[in-house]
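# Report on the structure
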Amino acid sequence: MCGIAGLAGAQGVSEQELNAVAGEMAAALAHRGPDDQGVWSDQNCGVAFGHRRLAVIDLSRHGHQPMRSACGRFVTAYNGELYNFRQRRADLKRLGHPFRGHSDTEVLLAAVVEWGLTEALQSFTGMFALALWDTEKQELHLARDRMGEKPLYYGWVDGVFVFASELKAIRAYKKFRPRINRRALTQFFRYKYVPCPATIYEGIYQLPPASTLSISLRQAGQLPAPAAYWSLRRVAEKGMAAPDTADEQELASALEDVLAAAVARQMVADVPLGAFLSGGIDSSTVVALMQAGSSRPVKTFSIGFTEPGYNEANYARAVAAHLQTEHTELYVSPAQARAIIPRLPEVYDEPFADPAQIPACLIAELARRHVTVALSGDGGDELFAGYWRHFFAPGLWRRIRRLPGLARWLAASTMTGLSPTTWDRICHGVDGLLPARFRDFPLGTRLHKLAGLMSAKDEDALYQRLLSDWQDAERLVINGAPADDLGAAPEGADFREKMLYQDAVGYLPGDILTKVDRAAMAVSLESRMPFLDAHVIEFAWRLPMPMKIRKGQGKGGQSKWLLRQVLSRHVPEALFERPKMGFAVPIDHWLRGPLRDWAEALMDGQKLAAQGLLNAAMVKEKWQEHLSGRRNRQNELWDVLMFQAWYDRWME
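Here goes a summary of the coordinates provided. (Residues numbered from 1 in each chain as written. Predicted model: local features only at pLDDT ≥ 70, side-chain atom pairs only at ≥ 80, totals over all residues. Heavy atoms only, no water.)

### Structural notes on the sheet that holds strand 8 (residues 153-157)
So the rule is basically this: Pairs of strands are assigned from DSSP output, requiring at least two bridges between the strands. Helical segments are the DSSP runs of H or I of at least four residues, strand segments are the runs of E of at least two, and each set is numbered from the N terminus. Helix axes are fitted only over the stretch in contact, all axes being lines through C-alpha atoms; the angle between N-to-C directions runs from 0 to 180 degrees.
In space, the six strands of this open sheet follow the order 2-3-1-9-8-10, with antiparallel pairing throughout. Of all strands in the sheet, those bounded by a partner on one side alone are strand 2 (36-42) and strand 10 (204-206). Neighbouring strand axes in the sheet, compared pairwise and without regard to direction, differ in orientation by 10 degrees on average. As paired elements, strand 8 and strand 10 share three bridges and run antiparallel to each other. By the bridge assignment, Tyr 153 is partnered in strand 10 with Gln 206.

Here it is, written out as structure tokens:
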């Protein structure tokens, strides 16, 4: 994995200066590529590429970048892995293309020469972000992988086009003058991240997944619309129109085959490789298939917390023992976990507030001590309906829409009449109302969230509220602009299918993939996600919904039903059948205890007033509610704290 940066249209600048600027931008990405660095420039066009390399495939000098095609026409700075590059290399060799080394970068360039950029990208399965300079047409092309695993930012700055893997590299371009985008800031407070294509900065954009952007220097200052080379929406519509009608056992076998093939492709590396293991359905499935296809024990990694209710390490340990992996776990004290927090604005150089960023950083650090590449189970929830909202939201909406306004108000008042802690004590105590297997389920928090859903006017509004932290983000941000709508769902989709699609194009790249990429690359670790293989995605969208969600059977129903059938072929159900937890940290308790002074300093009313960005009274109200214990406001407050910490690092 690598970091790329560059500029185009810097007329009248010497070659030496172009190389220096590209080198400075790339230096800001040294964590993404500690093994090698390179620059390339074309003074006549004012174009320069910078590259930082994390060597994973072909560790020799033949993998050095920026790289020029054998014919000399194209130059690329490329970040990613093309998992089927060996097959494409064989195809291209038969067509007469010569190869100096064995890197996927060289295969990418040959494919562009033979088929053109769009067809070349369509032929590959992988994750990537790249810049490609066409010396013949004097055009710059940017491209990003299908699901957005790898980031790419761009924009015009003082007449020069700049691009980079992370915003900190654009900040390194000395003519850049950052201005906060208030619409993007509003979206951040709603979703915990800034949704694509916006960024926190005015005039700088994210390239959407599965798209290319072509810049002609003859049209300086203009930004054409990105062009899609692949469409998840079309994949979804095609799959829903012709669902697979095979029986359950045949579908389970077919899913295992397509997942095993994806895992096998992603296990190719010239460096040590392992996997994150939480003990949940997704990561356990990936590890099980890795171990089934490996002659040696797979290296697996997990972290545990000493605080009750936040620890899954014992589940991961049991799965690892059954699969006989080479397992490494680290138990983290609260103090060790909190020590990560001051580093978060550097790791996530755009406001980002998913608290799971803390364990993500911790497990990445642990894995990097032993391996250079780690596979993960991310993407399974979005493809196979693994989130709470997928299971309960359709039924919830059916009930809500039948209730008159007064009944909705009374229901919401009842739910919020007790604090989340009190609800948990009533329902999870020794003589509680819920079974012991739900002891770790955050019922009180969910009930308070449910109360906020009672005023939703339609399915889209309900889904947006389910995802939102600050329901009134437009009021929180001074002069805040309304958040953009969620975009069109696939034709013929029901509520569940809409949620799965919106998750895949919004929450997945904006939150999950951002969280993992930045945490891993901060310590020079490459993360790979077999669930996001194009063949797996297409298979998942051909599955009828009962293959994903089963209701009313035995334990009250199951999400990710078919995926569970695959995993049960490798791991006993007793080791993975439990309520979903994920990597969680007790932010709510920390804010009332060891993080209180830090939080109060960041949310100081005078500080907020001086910045002129946030409504200080609203922030104070949430803070007081949280401190009193009446409400758990950890989500809203963590959003504010992560923005304020980011602001102190990057805007002061």
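### A few points about helix 3 (residues 104-115)
Formally: To estimate how far a helix should extend, the number of its residues minus one is multiplied by 1.5 Å. Each residue's exposure class comes from its accessible area (1.4 Å probe, protein chains only) as a fraction of the maximum for that residue type: buried when under 20%, exposed when over 50%, partly exposed otherwise. Residues count as neighbours in contact if any of their non-hydrogen atoms are within 4.5 Å of one another.
Under the 1.5 Å per step criterion, the end-to-end length of helix 3 is 16 Å for twelve residues, consistent within 8% with the ideal 16 Å. Buried residues dominate helix 3, accounting for nine of its twelve residues. Taken together, the buried positions of helix 3 are occupied by Asp 104, Thr 105, Glu 106, Val 107, Leu 108, Leu 109, Ala 110, Ala 111 and Val 112. Considering only its buried residues, helix 3 is in contact with strand 4 (67-68), strand 5 (74-82), helix 2 (85-94), helix 4 (117-123) and strand 6 (126-134). Following helix 3 by one or two positions, Gly 116 has its phi on the positive side, about 90 degrees.

### Describing the packing of aromatic side chains
The cut-off we apply is this: For Phe, Tyr and Trp, where Trp contributes only its six-membered ring, two rings pair if their centres lie within 6.5 Å, and the inter-plane angle classes them as stacked under 30 degrees, edge-to-face over 60, or tilted in between. We call a charge positioned over a ring when the NZ of a Lys or the CZ of an Arg lies within 6 Å of the ring centre and within 35 degrees of the ring normal.
As enumerated under the stated definition, the model contains 19 aromatic pairs in all. An angle of 65 degrees between the planes, with centres 4.9 Å apart, marks the rings of Phe 391 and Phe 392 as edge-to-face. Through successive ring pairs, a cluster of aromatic residues spans Phe 176, Phe 188, Phe 189, Tyr 201, Trp 470, Phe 643, Trp 646 and Tyr 647. Its end group placed over the ring of Trp 541, Lys 548 keeps NZ or CZ at 5.1 Å from the ring centre.

### A few points about unusual backbone geometry
The linkage connecting Gln 65 with the following residue, Pro 66, adopts the cis geometry, with an omega of -5 degrees. Counting through the fold element by element, Pro 66 comes out in the loop between strand 3 (47-53) and strand 4. The omega angle of the peptide bond from Cys 196 to Pro 197 is 10 degrees, so this bond is cis rather than trans. Along the chain, Pro 197 turns up in the loop between helix 6 (182-191) and strand 10.

### Here we look at helix 28 (residues 634-650)
Here helix 28 spans 24 Å end to end across 17 residues, near enough to the 24 Å set by a 1.5 Å rise per residue. Of all the 17 residues making up helix 28, 14 are buried; the element is thus mostly covered by neighbouring parts of the structure.

### Describing the environment of Arg 32
Rules: The definition of a polar contact used here is a pair of N or O atoms within 3.5 Å, where within protein one atom must be able to donate a hydrogen and the other to accept one, and adjacent residues in sequence count solely through side-chain atom pairs.
By secondary structure assignment, the location of Arg 32 is in the loop between helix 1 (15-27) and strand 2. Discounting residues that sit within four places of it in the chain, Arg 32 has contacts with Met 1, Cys 2, Gly 3, Leu 54, Asn 79, Lys 150, Pro 151, Ser 165, Glu 166, Asp 517, Arg 518 and Met 521. Reaching out from Arg 32, the side chain makes a polar contact with the backbone oxygen of Cys 2 at a distance of 3.1 Å.

### Quick look at the packing of helix 8 (residues 248-266) against helix 23 (residues 561-568)
Test applied: Roughly parallel means an angle under 35 degrees; roughly antiparallel means over 145; roughly perpendicular covers 65 to 115; every other angle is labelled oblique. Note on residue classes: Ala, Val, Leu, Ile, Met, Phe, Trp, Tyr, Cys and Pro are nonpolar, Asp, Glu, Lys and Arg are charged, and everything else, Gly too, is polar.
Running from N to C, helix 8 and helix 23 cross one another at 75 degrees; their axes reach a closest spacing of 9 Å. Of the possible angle classes, the one that applies to helix 8 and helix 23 is roughly perpendicular. Of the residues in helix 23, those touching helix 8 at Glu 248, Leu 251, Ala 252, Leu 255, Glu 256 and Leu 259 are Trp 561, Leu 562, Leu 563, Gln 565 and Val 566. A class-by-class count of the residues in the contact of helix 8 with helix 23 yields eight nonpolar, one polar and two charged.

### Overview of the nonpolar core
Put simply, the rule is: Each nonpolar core is a collection of buried residues, namely Ala, Val, Leu, Ile, Met, Phe, Trp, Tyr and Cys, held together in the definition by side-chain atoms within 4.5 Å.
Formed by 199 residues in total, the largest nonpolar core has its most connected members in Leu 7, Phe 189 and Ile 358. The element contributing the most residues to this core is helix 21 (residues 495-521), with 13 residues. Grouped together as the second largest cluster of nonpolar side chains are 22 residues, Val 47, Ala 129, Trp 133 and Leu 152 included.

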